[in-house]
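# Architecture and fold: a report
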Amino acid sequence: MNITVTKPFVPPFGEFQTYLQGVWEREWFTNNGPLVNELELKLKEKLDVDHLLFLSNGTIALQIAIRALDLQGEIITTPFSYVATTSSIVWERCKPVMVDIDVDTLNIDPSKIEQAITPKTTAILATHVFGNPCDVEAIELVAKKYGLSVIYDAAHAFGTRYKERSLLAYGDIATCSFHATKLFHTIEGGAVTTSNPEILKNMAMMRNFGHSSLTEFGGVGVNGKNSEVHAAMGLTNLKYLEDILAVRKELCDYYKSSLTDLPIVFQKIAPDTEYNNAYFPVIFESEAMLLHVIEALNLNNVYPRRYFYPSLSELPYVHDQSSPISEDISRRILCLPLYHTLSREEVDMICRLVKRSIRY
Ligand SMILES: *Cc1c(COP(=O)(O)O)cnc(C)c1O
């Protein structure tokens, strides 16, 4: 069987079915049903955040976040992330302004933010790359100084804690993805979290066509709701969160101990972090070496992924925003397979192939 970069967590079917039984009995499939409410409550508890809305995916979460803060003009963002981070800014008719990343953490470099601020800047939208916390203190300082909003794309951050708080508790809004490939998933799904009740009210209205009551509209909205069936998957999977986190940690530690003394660099995780091990990225010395490794792995039915390539500064709709560090890292970084059912023997094989193909 193929070893892919990720596989969805598959819970016992019977447990999912038990939730579905209730959905069938109630004949209530969507529109803020009891399972959506239960999932939101449990996620709030688990993630220790004040407010959370369950949405249809992580991209609509970004779009609603940008809208709820009424952002216009320029948004400072990172060139090293999944395309949705940048495309959502452009989709909302704002201009993404790329600030290059830190070569060690792979997150936006806060020391370069100030020089990118113009009178048109309204916000900072940064990604906690691979679940590694951004320098949230430095970002908050510069945001406060210039009166900017802060949104975190926390699509990878589920389960990471920074300074004893959930990483989703930082920023004016954090957005999350519960896509099947993510550490915690609802098949398709996402969320926004905030501690600000006004922003929450706005986002709740926007999620539901702008309804403020059955017969009244408080503003323009979109359909960002998610269903009872997706919430059922989330409730089923949530029971396995500790187990998922433990298995990933063990696999990542094992990868690291098997890939020592090689010309390979790992992402540097921020201090004071309980890391979720969402991904296992490795940075090679050159793109040639990376391509060589991919070829060797593919020949053995192992399919890693080039996350993130290309650098978002090179998107066809992003102009003149050269980000040399992000562009360089993008060419040399590879995410090795990491999922709940990956075995140590498979990690052994992958590491053997990596070692052999870089001729160590
Ligand atoms: C997955 C992902 C998204 C998009 O989430 P979807 O739920 O797939 O829409 C956004 N940003 C980042 C960084 C992601 O990895």
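This is a predicted model, so every value here is computed, not measured. (Residues numbered from 1 in each chain as written. Predicted model: local features only at pLDDT ≥ 70, side-chain atom pairs only at ≥ 80, totals over all residues. Heavy atoms only, no water.)

### A word on the layout of surface pockets
In this structure, the largest pocket occupies an estimated 470 Å³ of space. The dominant element in the lining of the largest pocket, judged by the number of residues it contributes, is helix H3 (residues 58–68), at three residues. Taken together, the residues that form the lining of the largest pocket break down as seven nonpolar, twelve polar and four charged. The two domains that each donate at least three residues to the lining of the largest pocket are domain 1 (13–238) and domain 2 (241–359). Estimated volume of the second largest pocket: approximately 330 Å³. Taken together, 14 residues make up the lining of the second largest pocket; nearest its centre are Asn32, Ala204, Arg207, Asn208 and Lys225. (1 Å grid on protein atoms, 1.4 Å probe; cavity = no way out; pocket = protein on both sides within 12 Å on 5 of 7 lines; lining within 4 Å. Points joined across faces, edges and corners; volume = space filled by probe spheres on them. Helix = DSSP H or I, 4+ residues; strand = E, 2+ residues; numbered from the N terminus. Nonpolar A, V, L, I, M, F, W, Y, C, P; charged D, E, K, R; others polar. Domains from an automatic or database assignment.)

### Let's talk about the sheet that holds strand E11 (residues 264–266)
Taken in spatial order, the three strands make up an open sheet running E11-E13-E15, and their pairing is antiparallel. Strands at the two margins of the open sheet, each flanked by one partner only, are E11 and strand E15 (333–336). Across the sheet, the mean angle from the axis of one strand to that of its neighbour is 35 degrees, orientation sign disregarded. By the bridge criterion, three bridges tie E11 to strand E13 (residues 280–284) in an arrangement that is antiparallel. From the neighbouring strand, Phe266 faces E13, where its bridge partner is Val282. Each of E13 and E15 touches helix H9 (residues 287–299); the most contacted strand, E15, lies at about 25 degrees to it. (Pairing = 2+ DSSP bridges. Axes fitted to C-alpha atoms, helices over the stretch in contact; angles between N-to-C directions. Contact = heavy atoms within 4.5 Å.)

### Some details on the sheet that holds strand E7 (residues 161–162)
Ordered by their spatial adjacency, three strands build an open sheet running E8-E7-E12, and the pairing between neighbours is antiparallel. The sheet terminates laterally at strand E8 (165–166) and strand E12 (273–274), the two strands that pair on one side only. As defined by bridge partners, E7 adjoins E12 across two bridges and the pair is classed as antiparallel. Bridging from a neighbouring strand, Arg161 pairs with Glu274 of E12.

### As for the packing of aromatic side chains
One pass over the structure, following the stated rule, counts 15 aromatic pairs. Plain terms: the ring middles of Phe9 and Tyr240 are 5.4 Å apart, the flat faces sit at 45 degrees to each other, and that makes the pair tilted. Taken together, the residues span a long stretch of sequence, with Phe9 in the loop between strand E1 (3–4) and helix H1 (13–26) and Tyr240 in the loop between helix H7 (228–238) and helix H8 (241–258) at a distance of 231 residues. When sorted by exposure, Phe9 lands in the same class as Tyr240, which is buried. Taking 5.6 Å as the distance between ring centres and 50 degrees as the angle between the ring planes, the aromatic pair formed by Phe266 and Phe280 counts as tilted. With Phe266 in strand E11 and Phe280 in strand E13, the pair connects residues that are 14 residues apart, well separated along the chain. Classification of Phe266 as partly exposed rests on a relative accessible area of 24%. One aromatic cluster is present, built from ring pairs that chain together Phe80, Phe130, Tyr279, Tyr307 and Phe308. (Phe/Tyr/Trp six-rings, centres within 6.5 Å; stacked < 30°, edge-to-face > 60°. Buried < 20%, exposed > 50% of the residue type's maximum accessible area, 1.4 Å probe, protein only.)

### Brief notes about the site of the ligand
Within the structure, the ligand sits among 15 residues, and Thr59, Asp153, His156, Ser177 and Lys182 are positioned closest to it. Residue Gly58 places a main-chain N or O atom 2.8 Å away from an oxygen atom belonging to the ligand. Contact distances for the ligand include 2.7 Å between an oxygen atom and a side-chain N or O atom of His156. In the complex, the protein chains occlude 91% of the 380 Å² of accessible area that the ligand would expose alone. Most atoms of the ligand, that is more than half of them, are within 2 Å of grid points of the largest pocket. Classifying every residue of the shell around the ligand by side-chain character gives three nonpolar, ten polar and two charged. (Near = heavy atom within 4 Å. Polar contact = N/O pair within 3.5 Å; in protein donor to acceptor, adjacent residues only side chain to side chain. Areas by Shrake-Rupley, 256 points an atom, 1.4 Å probe, with all protein chains shown as cover. Sits in = over half its atoms within 2 Å of the grid points.)

### Overview of the nonpolar core
One finds Phe130 and Phe158 to be the most contacted residues of the largest nonpolar core, which totals 68 residues. Residues lining this core come from more than one domain, with at least three contributed by each of domain 1 (13–238) and domain 2 (241–359). Beyond its immediate sequence surroundings of up to four residues, Phe158 is in contact with Leu43, Leu47, Leu168, Cys176, Phe178, Leu183, Phe184, Leu238, Leu241 and Asn276. Formed by 29 residues, the second largest nonpolar core is a distinct cluster that contains Leu251, Leu262, Phe284 and Leu336. (Core = buried A, V, L, I, M, F, W, Y, C linked by side-chain atoms within 4.5 Å.)

### Section: the side chain of Glu92
Its place among the elements puts Glu92 in the loop between helix H4 (83–91) and strand E4 (95–98). A distance of 2.4 Å separates a polar atom in the side chain of Glu92 from a polar atom in the side chain of Arg67.

### What to know about the pattern of salt bridges
Here the structure, examined in full by the defined rule, presents 14 salt bridges. The closest approach of N and O atoms between Lys144 and Glu140, which form a salt bridge, is 3.0 Å. A residue pair is termed a helical-turn pair when its members lie 3 or 4 positions apart in one helix, as Lys144 and Glu140 do in helix H5 (residues 136–146) at four residues. When its relative accessible area of 63% is taken as the criterion, Lys144 is described as exposed. Exposure remark for Glu140: the relative accessible area of 43% places this residue in the partly exposed category. Across the salt bridge formed by Arg306 and Glu287, the nearest N and O atoms sit 2.8 Å from each other. Here Glu287 lies in helix H9 and Arg306 lies in the loop between strand E14 (302–303) and helix H10 (324–332), a separation of 19 residues in the sequence. On the basis of relative accessible area, Glu287 is assigned to the partly exposed category, the value being 24%. (Salt bridge = Lys/Arg side-chain N within 4 Å of Asp/Glu carboxyl O.)

By themselves, these figures tell us nothing about what the structure is for.
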